[in-house]
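# Residue-level structural notes
So you can see what is in the structure, the chains are spelled out below.
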Amino acid sequence: MAKDKSVKELEDLPGIGPTSAEKLRSSGYATIERVAASSPYELSELLGISAENAKKAVDAAKEATNIEVQTGADVLERRKAIGKISTGAAGFDELLGGGVETNGITEVYGRFASGKTQIGFQLAVNVQKSIDKGGLAGAVLFIDTEATFRPERIESIAKASGMNAKEVLDNIFVARATSTEQQILTAERADKLIREKNIKLVIVDSLMALFRSEFIGRGALNERQQKLNAHIHKLQRLADTYSLAVYITNQVMDNPGLLFGDPTTPVGGNVVAHAATTRLYIRKSKEEKRIIRLVDSPNMPEGETVIKITPDGIKD
Ligand SMILES: Nc1ncnc2c1ncn2[C@@H]1O[C@H](COP(=O)(O)OP(=O)(O)O)[C@@H](O)[C@H]1O
Ligand SMILES: [Mg+2]
C-alpha cells in the first residue's frame, strides 16, 4: 500500500483537530500507527465522536501506515522468543505445545466447578518460577470478576512447589472488579503496573460473568459485544506489547439446537471465539479428574488430556 504523504501528524487525520489530537496523545495514542491499530469504537468512546467519524480517522491512519512485511524466517525467529508457562502437568503442557504461550490469549471454558479458576491459580504460581523451571520469572495481574480469588489456594500450591508462599502472594496483584466498567478500566490502565512489576501473566477470571449480568436481552447485545471486543483487543495488545500471557476463563451455555455431541457452547459469541489464540474446553470426569480438550490452536492439533485437581494444584 502506498504511504499517504499528506498524513504525518495526528492532526492530519480527518475529523481530528488540535483538541482531539491532544486527547489522543495524553491517552497513549501518540502515533498514527497506534491509531491505525485501534478500533473505531474505542476512538469514538475516547473522543466523544460518532463511530462513523472515528472509522474515517482509523481508516486514514491505516492508509498512511507502512505495511511491514516479514519473511517466514523472520516470523520463525520471533516465535522462538515466545515464552511458555508450564501448567504443572506434562500431558497438559504437551497438548499446548509446551505450555501457555506469551503474546496471545489462552481461553479455558467449562461449567461451574470444572477447574478453570484452579488452573489460573496454578499458572499464577508457575509463571513466577525461573525459565528453566517452566516459568517466566514474572509477576501476575489477576482480574477477579467473581470474587473467587483464594490466597490460601495459592499458598498451598506454592508450598507444594517448594516456593516461599508469602513472596508468591506478593507478586500477585489482584484487581477485584464488580462492574464491566471496572473490568475494562483495569485492563486499560494496566500498562504502568505491568512495566513496573514485570507482569508476565494477566488473568481475567471470568471474562464474561459481569458482561452477562449487565447486558441483558437482545437489545443490549450489540453494545455488549462492542465493549467486549474493545476489552479483548486491549488484552491482546498487552500480550503483544509486553510479551506476556493472557489467561481468560469463560462460562458455557447449553445449545439446545444440537441433538448430537456435547451441547455445551462457550458464551461471548464470535468476538471471544476469534480473539482467543488458544481455546480449551474443560469438563469433569471421575473424582478429581478433568478432561481438557484443545478446541482451537494456530499450530497444535486438536486433542485431549486428563489432569487432576489436587490440594497441591494441577497434576497429571
Ligand atoms: N483445596 C483443594 N483441593 C483439591 N481440590 C480442590 C481444592 N479446592 C478446589 N478444588 C477443586 O476445584 C473445584 C473448583 O474448581 P474451580 O476452578 O473453582 O471451578 P471453576 O471452573 O468454576 O472456576 C472444586 O469443585 C474442587 O473439585
Ligand atoms: Mg471460577
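Below or above, wherever it landed, is the structure these notes cover. Treat the numbers as computed from the prediction; the structure is a model and nothing was measured.

Moving on, we come to the overall build of the chain. Secondary structure summary: the chain contains 14 helices and 13 strands in total. For the chain, whose C-alpha radius of gyration is 21 Å, the value lies close to the compact-globule estimate of 20 Å for 316 residues. Each principal axis of the C-alpha atoms in the chain carries an extent, and together these give about 65 × 45 × 40 Å. Counting the 316 residues in the chain, one finds 40% classified as buried. Sequence-distant contacts in the chain: of pairs separated by 6 or more residues, those separated by 24 or more amount to 66%.

Right, let's get into the environment of Ala 273. The residue Ala 273 is located in helix α14 (residues 269-275) in this model. Residue Ala 273 is classed as partly exposed on the basis of its C-beta count, with 15 C-beta atoms lying within 10 Å. Put simply, Ala 273 and Glu 288 are 15 residues apart on the chain and 28 Å apart in space, counted from C-alpha to C-alpha.

On to the site of ligand 1, then. Near ligand 1 you find Gly 110, Phe 112, Ala 113, Ser 114, Gly 115, Lys 116, Thr 117, Gln 118, Ile 309, Thr 310 and Pro 311, and these make up its full shell. Residue assignment for the shell around ligand 1 shows that the elements contributing at least two residues are α7 (116-126) and β12 (303-310). The leading source of residues in the shell around ligand 1 is α7, at three residues.

End to end, helix α4 (residues 51-64) covers 20 Å across 14 residues, agreeing with the expected 20 Å (1.5 Å per residue, within 8%). Along α4, the positions that sit buried rather than exposed are Ala 54, Ala 57, Val 58, Ala 60, Ala 61 and Ala 64. Considered in projection along α4, the buried side chains sweep an arc of 160° and stay on one side of the axis. Tucked into the core, α4 has its buried residues touching α2 (32-36) and α3 (40-47).

Another point: the nonpolar core. With 62 residues, the main nonpolar core has Ala 124, Val 140, Leu 201, Val 202 and Val 246 as its most contacted residues. With residues up to four places along the chain from it excluded, the contact list for Leu 201 reads Ile 85, Leu 123, Ala 124, Val 127, Gly 138, Val 140, Leu 244, Ala 245 and Tyr 247. Within the second largest apolar cluster, 15 residues are counted, among which are Ile 32, Ala 54, Ala 61 and Ala 64.

Here the focus is the environment of Val 140. Inspection of the secondary structure assignment puts Val 140 in strand β4 (residues 139-144). Beyond its immediate sequence surroundings of up to four residues, Val 140 is in contact with Ala 124, Val 127, Asn 171, Ile 172, Phe 173, Ile 199, Leu 201 and Ile 203.

Counting buried residues in strand β7 (residues 245-250) gives six out of six residues, a clear majority hidden from the surface. Inspection of the sheet shows strand β3 (residues 104-110) paired to β7 by six bridges, in the parallel sense. Directly across from Tyr 109, in β7, lies its bridge partner Asn 250. Sheet analysis places strand β6 (residues 199-205) next to β7, joined by four bridges and oriented parallel. By the bridge assignment for β7, Ile 203 is matched with Tyr 247.

On to the sheet that holds strand β13 (residues 313-315). Strand order in the open sheet made by the nine strands is β5-β4-β6-β7-β3-β10-β11-β12-β13, with mixed pairing throughout. Every interior strand has two partners, whereas the edge strands, β5 (172-176) and β13, have only one. If you compare each strand with its neighbour and ignore which way they point, the axes differ by 25° on average. With three bridges connecting them, β12 and β13 associate as antiparallel partners. Bridged to Thr 310 within β13 is Gly 313.

Cis geometry marks the peptide bond from Asp 205 to Ser 206, where omega comes out at -5°. In this model, Glu 287 sits at a positive phi of 45°, which is unusual for a non-glycine residue. For Glu 287, the position within the fold is in the loop between β10 (278-284) and β11 (289-296). For Glu 287, a count of 8 C-beta atoms within 10 Å corresponds to the exposed category.

Thresholds, definitions, all that
For every chain, the first residue of its written sequence is number 1, and the numbers climb from 1 along that sequence. All chains are assigned letters beginning at A, and all ligands numbers beginning at 1, according to the order in which they are written. Local features in this predicted model are restricted to residues whose pLDDT is 70 or higher, and side-chain atom pairs enter the listing and the counts only when it is 80 or higher, whereas totals over whole chains, interfaces and linings include all residues. Comment: elements are numbered from the N terminus, with helices defined as DSSP H or I runs of at least four residues and strands as E runs of at least two. With C-alpha atoms as the basis for the radius of gyration, the globule rule is written as 2.2 Å multiplied by the number of residues raised to the power 0.38. Counting other C-beta atoms within 10 Å of each residue's C-beta, where C-beta atoms are placed from the backbone, gives the exposure class: buried for 20 or more, exposed for 12 or fewer, partly exposed between. Whether two residues are in contact depends on their C-beta atoms, placed from the backbone: they are in contact if these lie within 7 Å. We call a residue near a molecule or strand when the C-beta position, derived from backbone atoms, sits within 6 Å of it. By this rule, a helix spans an expected 1.5 Å times one less than how many residues it contains. It is the directions from the helix axis to the C-beta atoms whose arc is reported. For our purposes the nonpolar core covers buried Ala, Val, Leu, Ile, Met, Phe, Trp, Tyr and Cys residues that link as a set through C-beta atoms within 7 Å. Pairing between strands is defined by DSSP: at least two bridges between the two strands are required. Working convention: axes come from line fits to C-alpha atoms, limited for helices to the stretch in contact. Angles between N-to-C directions cover 0 to 180 degrees.

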